[in-house]
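What follows is each chain in one-letter form.
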Amino acid sequence: MEKNKRVFLFDDNAEILELCTIILEDAGYDIKTSSTSNNIIDQVLSYVPDIIFMDNWLPDVGGIDATKELKGHETLKSIPVIYFSANNDVKALAAEAGADGYLSKPFDIQELEDIISKHLAV
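Model, not experiment: these values are computed from the prediction. (Residues numbered from 1 in each chain as written. Predicted model: local features only at pLDDT ≥ 70, side-chain atom pairs only at ≥ 80, totals over all residues. Heavy atoms only, no water.)

Participant: Teacher, can you tell me more about the packing of aromatic side chains here?
Facilitator: Each aromatic ring pair is specified by the distance between its two centres and by the angle formed by the two planes. All chains considered together, the criterion is met by four aromatic pairs. With 5.7 Å between their ring centres and 80° between their planes, F8 and Y47 make a pair best called edge-to-face. With F8 in strand β1 (residues 6-10) and Y47 in the loop between α2 (40-45) and β3 (51-55), this pair connects stretches of sequence that are 39 residues apart. Of the two residues, F8 and Y47, both sit in the buried class. Here F53 and F84 contribute two aromatic rings whose centre-to-centre distance is 5.5 Å and whose plane-to-plane angle is 70°, an arrangement assigned as edge-to-face. Remark: F84 occurs in strand β4 (residues 81-85) and F53 occurs in strand β3; sequence separation between them is 31 residues. Judged on exposure class, the residue F53 and its partner F84 are both buried. Sitting over the face of the ring of Y47, R6 holds its NZ or CZ atom 4.1 Å from the ring centroid. Over the ring of F84 we find K105, and its NZ or CZ is 4.7 Å from the ring centre. (Phe/Tyr/Trp six-rings, centres within 6.5 Å; stacked < 30°, edge-to-face > 60°. Helix = DSSP H or I, 4+ residues; strand = E, 2+ residues; numbered from the N terminus. Buried < 20%, exposed > 50% of the residue type's maximum accessible area, 1.4 Å probe, protein only. Lys NZ or Arg CZ within 6 Å of the ring centre and 35° of its normal.)

Participant: In this structure, what is going on with the nonpolar core? I would like to understand it.
Facilitator: Core analysis: the largest hydrophobic core is formed by 21 residues, its most contacted members being F10, I40, V44, I52, M54, L70 and Y83. Looking at this core, the elements with two or more residues in it are β1, α2, β3, α3 (63-71), β4 and α4 (90-97). Looking at this core, the element that brings in the most residues is α4, giving four residues. Ranked by size, the runner-up nonpolar core spans 19 residues in total, among them V7, I16, L17 and C20. (Core = buried A, V, L, I, M, F, W, Y, C linked by side-chain atoms within 4.5 Å.)

This is how it looks when you write it as structure tokens:
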């Protein structure tokens, strides 16, 4: 049996994490969540996801710096990072961070599933 694709969500909003977990587990993904991007490399290395969702507003280390750290890491830079934020400039922020894509909040379930499918080609 093929193992489930792994999604790592970084967001400081517990409701978003809970909602995304329910949606994505239902769609057959394995989920890990974190409300902080501190020690981002260690956090991601401990799980090694297939795709990462990164919120812009995270305490201490923000989403942009966390994404740049991941993209500068030899082992982790190939993992797609999807920037997701309610900020009107989410596209520009994603570009600044070096993310592979972006998703505006609020989003609908189909958008969330579509962007994962697009980046994982499942």
